[in-house]
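Chain residues, written in single-letter form:
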Amino acid sequence: MLLAALCCLLWSFRTSVGHFPRACASSRSLTEKECCPVWTGDGSPCGQLSGRGACQDIILSKAPLGPQYPFTGMDDREAWPSVFYNRTCQCFGNFMGFNCGNCKFGFWGPNCTEKRLLVRRNIFDLSVPEKNKFLAYLTLAKHTTSPDYVIPTGTYGQMNNGSTPMFNDINIYDLFVWMHYYVSRDTLLGGSEIWRDIDFAHEAPGFLPWHRLFLLLWEQEIQKLTGDENFTIPYWDWRDAKSCDICTDEYMGGRNPANPNLLSPASFFSSWQIICTRLEEYNSRQALCDGTPEGPLLRNPGNHDKARTPRLPSSADVEFCLSLTQYESDSMDKAANFSFRNTLEGFASPLTGIADASQSSMHNALHIYMNGTMSQVQGSANDPVFLLHHAFVDSIFEQWLRRHQPLQEVYPEANAPIGHNRESYMVPFIPLYRNGDFFISSRDLGYDYSNLQDSERDIFQDYIKPYLEQASRIWPWLIGAALVGSVLTAMLGRLTSLLCRRKSKQLHEERQPLLMEKEDYHSLLYQTHV
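Attention in this report is confined to the structure presented alongside it.

What counts and how
- Residues numbered from 1 in each chain as written.
- Predicted model: local features only at pLDDT ≥ 70, side-chain atom pairs only at ≥ 80, totals over all residues.
- Heavy atoms only, no water.
- Helix = DSSP H or I, 4+ residues; strand = E, 2+ residues; numbered from the N terminus.
- Buried < 20%, exposed > 50% of the residue type's maximum accessible area, 1.4 Å probe, protein only.
- Contact = heavy atoms within 4.5 Å.
- Areas by Shrake-Rupley, 256 points an atom, 1.4 Å probe, with all protein chains shown as cover.
- Salt bridge = Lys/Arg side-chain N within 4 Å of Asp/Glu carboxyl O.
- Disulfide = S-S within 2.5 Å.
- 1 Å grid on protein atoms, 1.4 Å probe; cavity = no way out; pocket = protein on both sides within 12 Å on 5 of 7 lines; lining within 4 Å.
- Points joined across faces, edges and corners; volume = space filled by probe spheres on them.
- Nonpolar A, V, L, I, M, F, W, Y, C, P; charged D, E, K, R; others polar.
- Pairing = 2+ DSSP bridges.

Before going further, it helps to examine the overall build of the protein. Regarding its fold elements, the protein presents 11 helices and 16 strands. Expressed as a percentage of its 530 residues, the buried residues of the protein come to 50%. Considering only residue pairs separated by 6 or more positions, the protein has 70% of its internal contacts joining residues 24 or more positions apart. Within the structure as shown, the protein displays about 24800 Å² of accessible surface, and the carbon and sulfur contribution to it stands at 56%.

Under the definition given, this model contains 27 salt bridges. Arg185 is paired through a salt bridge with Asp75; the nearest N and O atoms lie 3.8 Å apart. Taken together, the residues Arg185 in the loop between α4 (172-184) and β14 (187-190) and Asp75 in the loop between β5 (53-57) and β6 (87-91) connect sequence positions 110 residues apart. In this structure Asp75 comes out as buried when scored by relative accessible area, which is 4%.

A few words now on the state of the cysteines. Going through the model one piece at a time under the given rule, you end up with seven disulfides. Residue Cys244 pairs covalently with Cys247 via a disulfide, S to S 1.9 Å. Across the S-S bond linking Cys244 and Cys247, the dihedral sits near 65 degrees, which makes this disulfide right-handed. Comparing Cys244 with Cys247 shows no difference in burial state: the two are buried.

With that settled, consider the layout of surface pockets. Empty space within the largest pocket amounts to approximately 600 Å³. Glu203, Lys334, Phe347, Asn364 and Val377 are the residues nearest the centre of the largest pocket, which is lined by 28 residues in total. When contributions to the lining of the largest pocket are tallied by element, the ones reaching two or more residues are α4 and α9 (362-370). No other element matches α9, which puts four residues into the lining of the largest pocket. Counted by class, the lining of the largest pocket contains seven nonpolar, 12 polar and nine charged residues. Lining of the second largest pocket is provided by 19 residues; of these, Met96, Lys104, Leu432, Tyr433 and Asp437 occupy positions nearest its centre.

So, on to the sheet that holds strand β12 (residues 149-152). Taken together, three strands build an open sheet; the order of strands is β1-β12-β13 and the sheet is antiparallel. Because the sheet does not close on itself, it has two edges, and the strands there are β1 (20-21) and β13 (167-168).

Attention now moves to unusual backbone geometry. A cis amide bond, omega 0 degrees, links Val427 with the succeeding residue Pro428. For the peptide bond that leads from Ile430 to Pro431, omega is 15 degrees, which places it in the cis range. Phi is positive for Met362, close to 45 degrees, though the residue is something other than glycine. Position of Met362 among the secondary structure elements: in helix α9.

Right, dumping it as structure tokens:
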């Protein structure tokens, strides 16, 4: 009842962020390849009259790509977003958004001048009202149509190069599900041919920055949807877990006693419909997911392939990941060895750092363990556990950044798989964001994690504070010693000065005749030369 009441209370708030702006889904925008919507604050494209931004040409990176994708001109996601648009809003200062109507992450206020730092917390540290509010926000997002964004239901070619737009409305939650599908879907080559070895958000360097941006945009959407400007996504700390302790009706939904693959009827997630999971069907029709409901959310945690994923990750596994000094290595894909990214993603062993195609560990282990909708890459974001899981993965990424303090140049500039170079724009986001822009501390993006703040306090308590306390105990003695030392130094200095003056006077008197003799000698020489 409390959740239902809260949903009704919030129902009047409607807004969104995501993929194709509704204002840019017309045949004119697509054929002219321009997406520069008007900012309602001043009625000008990109808020140009207010100095927020301007409509400008997109400059694409020319850095070479890795060999994993051998085609050119076969996929709308290549050189994103140039197939659809070559001019978009370029925002100035702290402004952001498809029309420069939002603030950059970490800034707030009508002119985006106020800095702020929000904290993501462990879901088990939320109070009951806070937890219920989070669940209500999820439900609200699932039942609110995005007023700002639509999803394409066909490729640019199927739209007759933009002259026949093909777009559908979608709710805010499913908008993000669709984005996760679209970024990782197979390439449609025509006929019955597809190319599976492609992913613009996984199995390569962009995995962590892409999901970092995904969570930030989702978080920002909920803040705007609900008016709760302090909302943050909670995280699930799954280290050393023996079971899915958030898989209860109190939290993310328990098991259905009549069918272990379904959620408990007592959980309101049991009524959720999933989208974008019938990959083979889309491939066979050379079609895109159009957001049509495809059945209930599936989850059967623990009844998975234990040969591939014997256990959930341990604290030791996480610590080994954090000890790896290289962000990326070798081929920069799922075969990379001793790569922090590849080990955390779960394609390399958290015991050795060596790539192992037979095992799914770390991040991947949680997806496999859930044994349902979340276990399929393209459709995994249907399960709200996805958000909590990736928030914790992002916190490990943040720990690594703080421990190793890498320069932004550490992120690969070239030769990564398609879409993963440092200056590549991330698919399918509009406005545009580069991979390298999110290879920075979360605090520079306006958020932190409660467990990392606690860790920093622990370092202070364990190492710095004892030294300060010891110094405070001996401080009076240090001051006394300094005073005595100063007095003694002054006295010795005065005595030394007196002795030096007396000695100098004696030397002067002794050496005076010799100086006179020397002068007489030089006088005789000059006389001789004359």
